[in-house]
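Each chain, written out:
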Amino acid sequence: AQSVTQPDARVTVSEGASLQLRCKYSSSVTPYLFWYVQYPRQGLQLLLKYYSGDPVVQGVNGFEAEFSKSNSSFHLRKASVHWSDSAVYFCAVSINTDKVVFGTGTRLQVSP
Amino acid sequence: DAGVTQTPRHEVAEKGQTIILKCEPVSGHNDLFWYRQTKIQGLELLSYFRSKSLMEDGGAFKDRFKAEMLNSSFSTLKIQPTEPKDSAVYLCASSFTGSTGQLYFGEGSKLTVL
């Protein structure tokens, strides 16, 4: 069965600094990989997804993620964070077009 | 376009009560998911429907949790009887079949069981 590990429960960065949120996946086959974001009192929204092709995939609001098969990772990055990026970020995996398995999330706090 | 609608947004129940949470998926979506969200466990899949057929019923959640999809535009999640450990946010999501994991989530129903 597929699984996702997000090793950092909380990350704090200063506004304008760069960001990397870590995600490791486990799957017997190449999965679909996703990053979702959850703003306070809202549901989750898709940031980006990857299945094949260029290992660096672009998402909304300046986010990108890089797939590494050798490291079984799909880390999320942003060059310069804004206070409005404060939210909980979820990495997720799916090995078919059925259910999606989510990590436990990383809470991002952007300090002024 | 209407997104996923969940009601109620907040529910407070006494231990042992029955509660019903409701979800209206995005029009035209034929996959529907119920997740439970807690700080410790993150998102746990409770139930998954495809074209109104139950595809997965969440294993460990079977005994007191029952999800139904009465028609393509309405689903319920019944918890009976409730226990304090059921306190969580319950999220409903929908998608097109074959959309490769692009889920559309509702804002959730926050359940507190006293």
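See the structure shown above.
What you are looking at is a predicted structure, and each value in this text was computed from that prediction instead of being measured. (Residues numbered from 1 in each chain as written. Chains lettered and ligands numbered in written order. Predicted model: local features only at pLDDT ≥ 70, side-chain atom pairs only at ≥ 80, totals over all residues. Heavy atoms only, no water.)

Q: Give me the lowdown on the overall build of chain B, citing residues and values where you can.
A: If you tally the helices and strands in chain B, you get zero helices and 11 strands. Secondary structure elements of chain B occur, N-terminal to C-terminal, as β-β-β-β-β-β-β-β-β-β-β. Its C-alpha radius of gyration of 13 Å places chain B within 12% of the 13 Å reference for a compact globule of 114 residues. Residue burial in chain B is summarised as follows: out of 114 residues, 47% are buried. When contacts within chain B are restricted to residue pairs at least 6 apart in sequence, those whose partners lie at least 24 apart make up 54%. (Helix = DSSP H or I, 4+ residues; strand = E, 2+ residues; numbered from the N terminus. Rg over C-alpha atoms; globule rule 2.2 N^0.38 Å. Buried < 20%, exposed > 50% of the residue type's maximum accessible area, 1.4 Å probe, protein only. Contact = heavy atoms within 4.5 Å.)

Q: Report on the pattern of salt bridges, specifying residues and quantitative values.
A: Summed over all chains, the structure comprises 10 salt bridges over all chains. Put simply, A:Lys78 and A:Asp85 hold a salt bridge, and the shortest N to O gap is 2.8 Å. Given the relative accessible area of 11%, A:Lys78 is considered buried. In this structure, the salt-bridge partner of B:Arg36 is B:Glu44, at a minimum N-O distance of 3.3 Å. If you follow the salt bridges from partner to partner, you end up with B:Arg64, B:Glu83, B:Lys85 and B:Asp86 in one network. (Salt bridge = Lys/Arg side-chain N within 4 Å of Asp/Glu carboxyl O.)

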